[in-house]
Amino acid sequence: EILSGSIFFAFAGIYWLTEVLTMMGKPLVSKGIRTVLRYLGAGSGVVFMVAMIKVYLINTVPLWDNIFTPLEFTFTVITAGLLFGYVLLNAFNGSSVGSNKKMAGIGVLLIAIHFIVMIARILDFSGVVTSIHQGITVLDEYSSMIMTQCVLMLVAAILWVFSAQQTNNKVRFYSILALFALMAAEIFGRGVFYGMHFTFGLI
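A brief look at the structure comes next. What you see is a predicted model; the values in this text were computed from it and never measured. (Residues numbered from 1 in each chain as written. Predicted model: local features only at pLDDT ≥ 70, side-chain atom pairs only at ≥ 80, totals over all residues. Heavy atoms only, no water.)

## Digging into the layout of surface pockets
Alright, step 1. Here the largest pocket defines a volume of roughly 1,200 Å³.
Alright, step 2. Taken together, 29 residues line the largest pocket, and the ones lying closest to its centre are Phe8, Val77, Ala80, Gly81 and Phe84.
Alright, step 3. Ranked by residues supplied to the lining of the largest pocket, first place goes to helix α2 (residues 31-56) with 10 residues. (1 Å grid on protein atoms, 1.4 Å probe; cavity = no way out; pocket = protein on both sides within 12 Å on 5 of 7 lines; lining within 4 Å. Points joined across faces, edges and corners; volume = space filled by probe spheres on them. Helix = DSSP H or I, 4+ residues; strand = E, 2+ residues; numbered from the N terminus.)

This is the structure we're talking about:
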């Protein structure tokens, strides 16, 4: 995970630097090399995400060792990445009302699917019983955090759709609010993910 993360940040950082220098009129490398760096950054980012997922697929931890872990990690990367890209495009006038509506539609669909995955995960985890733990009891302890995450995700979806109907500064303002709401939801989600950790057996 550390190795793949370092490679990702190296490629992404170098690509970002070359693009910034090019926009400043001081191209460091050719367009072809920048394109290669962009693809290397994206590819190493995928490898980094896969490495992170594999860290948590531990067969003694029932909450983590299932299909929902890679699904939720993937939803986080794609949804937050799409919204962040949406914010940047509008910040630099690189989008249009039509494009904004399409991206908002895709984003809301992803959030809706994420809700379904969350419900399926909760139902699956509620049935886990070990020698000293019960999944339903742990879920009850974190119910307020789960509800907060759901509300924030819903707020993010509403703000995202609303921003797509706006123009100029308004779309920027509401899209940034949507991004903050989504990131806050992810923080609560990670809190639940780590807080509901327990292993099969006596520990």
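Let's pick the thread back up.
## Focus: unusual backbone geometry
Alright, step 1. Of note, the phi angle at Asn93 is positive, near 55°, even though the residue is not glycine.
Alright, step 2. With respect to the secondary-structure elements, Asn93 resides in the loop between α3 (68-91) and α4 (97-126).
Alright, step 3. We note that Asn168 has phi near 55°; this positive angle belongs to a residue other than glycine.

## Things to note about empty space enclosed by the protein
Alright, step 1. Inspection of the entire model under this criterion finds one cavity of 30 Å³ or more.
Alright, step 2. Roughly 190 Å³ of internal volume is contained in the largest cavity.
Alright, step 3. Where the lining of the largest cavity is concerned, the elements lending two or more residues are α4, α6 (143-164) and α7 (168-195).
Alright, step 4. Residue classes in the lining of the largest cavity are distributed as nine nonpolar, two polar and three charged. (Nonpolar A, V, L, I, M, F, W, Y, C, P; charged D, E, K, R; others polar.)

## What about the packing of α6 against α7?
Packed helices, taken two at a time, are described by the angle between their axes plus the distance between the axes.
Alright, step 1. Running from N to C, α6 and α7 point in directions that differ by 160°, and their axes come no closer than 8 Å. Considered as vectors, α6 and α7 are oriented roughly antiparallel to each other. As α6 runs across α7, the sense of the crossing is left-handed.
Alright, step 2. By residue class, the composition of the contact of α6 with α7 is 19 nonpolar, six polar and no charged. (Axes fitted to C-alpha atoms, helices over the stretch in contact; angles between N-to-C directions. Parallel < 35°, antiparallel > 145°, perpendicular 65-115°, else oblique. Left-handed = near helix turned anticlockwise from the far one by under 90°.)

## Focus on the nonpolar core
Buried together is how nonpolar side chains tend to be arranged in soluble globular proteins.
Alright, step 1. Core analysis: the biggest nonpolar cluster contains 39 residues, and Leu83, Tyr86, Phe125, Trp160 and Met196 have the highest contact counts within it.
Alright, step 2. Of all the secondary-structure elements, those providing two or more residues to this core are α2, α3, α4, α5 (135-141), α6 and α7.
Alright, step 3. Examining the composition of this core, we find that nine residues originate from one element, α6, more than from any other. (Core = buried A, V, L, I, M, F, W, Y, C linked by side-chain atoms within 4.5 Å. Buried < 20%, exposed > 50% of the residue type's maximum accessible area, 1.4 Å probe, protein only.)

## Comments concerning α4
Alright, step 1. With 30 residues, α4 extends 43 Å from end C-alpha to end C-alpha; this agrees with the ideal 44 Å at 1.5 Å per step.
Alright, step 2. Along α4, the residues classified as buried are Asn100, Met103, Ala104, Gly107, Leu110, Ile111, His114, Val117, Met118, Arg121 and Phe125.
Alright, step 3. Those residues of α4 that are buried are in contact with α3, α5, α6 and α7. (Expected span 1.5 Å × (residues − 1). Contact = heavy atoms within 4.5 Å.)

## A look at the side chain of Glu186
Alright, step 1. Structurally, Glu186 is set in helix α7.
Alright, step 2. What makes Glu186 buried here is its relative accessible area of 10%.
Alright, step 3. Those residues in contact with Glu186 that sit more than four places away from it in its chain are Thr76 and His114.

## Some details on the packing of aromatic side chains
The geometry of an aromatic ring pair is captured by the separation of the ring centres together with the interplanar angle, meaning the angle of the planes.
Alright, step 1. Using the criterion set out here, one finds 14 aromatic pairs in the structure.
Alright, step 2. Judged by centre distance (5.1 Å) and plane angle (90°), the ring pair of Tyr56 and Trp64 falls under edge-to-face.
Alright, step 3. On the basis of relative accessible area, Trp64 is assigned to the buried category, the value being 8%.
Alright, step 4. Residues Phe162 and Tyr174 carry aromatic rings whose centres are separated by 4.7 Å and whose planes lie at 90° to one another, so their mutual orientation is edge-to-face. Separated by 12 residues along the polypeptide, Phe162 in helix α6 and Tyr174 in helix α7 bring together distant segments of the chain.
Alright, step 5. Given the relative accessible area of 39%, Phe162 is considered partly exposed.
Alright, step 6. Its relative accessible area of 23% is what places Tyr174 among the partly exposed residues.
Alright, step 7. Three or more aromatic residues joined by ring pairs form one cluster here, namely Tyr56, Trp64, Phe73, Phe193 and Tyr194.
Alright, step 8. One cation-aromatic arrangement involves Arg38 over Tyr39; the distance from NZ or CZ to the ring centre is 5.5 Å.
Alright, step 9. One residue, Arg190, lies across the ring of Phe73, its end atom 5.0 Å from the ring centre. (Phe/Tyr/Trp six-rings, centres within 6.5 Å; stacked < 30°, edge-to-face > 60°. Lys NZ or Arg CZ within 6 Å of the ring centre and 35° of its normal.)

Interpretation note: all reported values are geometric properties and have no functional meaning in isolation.
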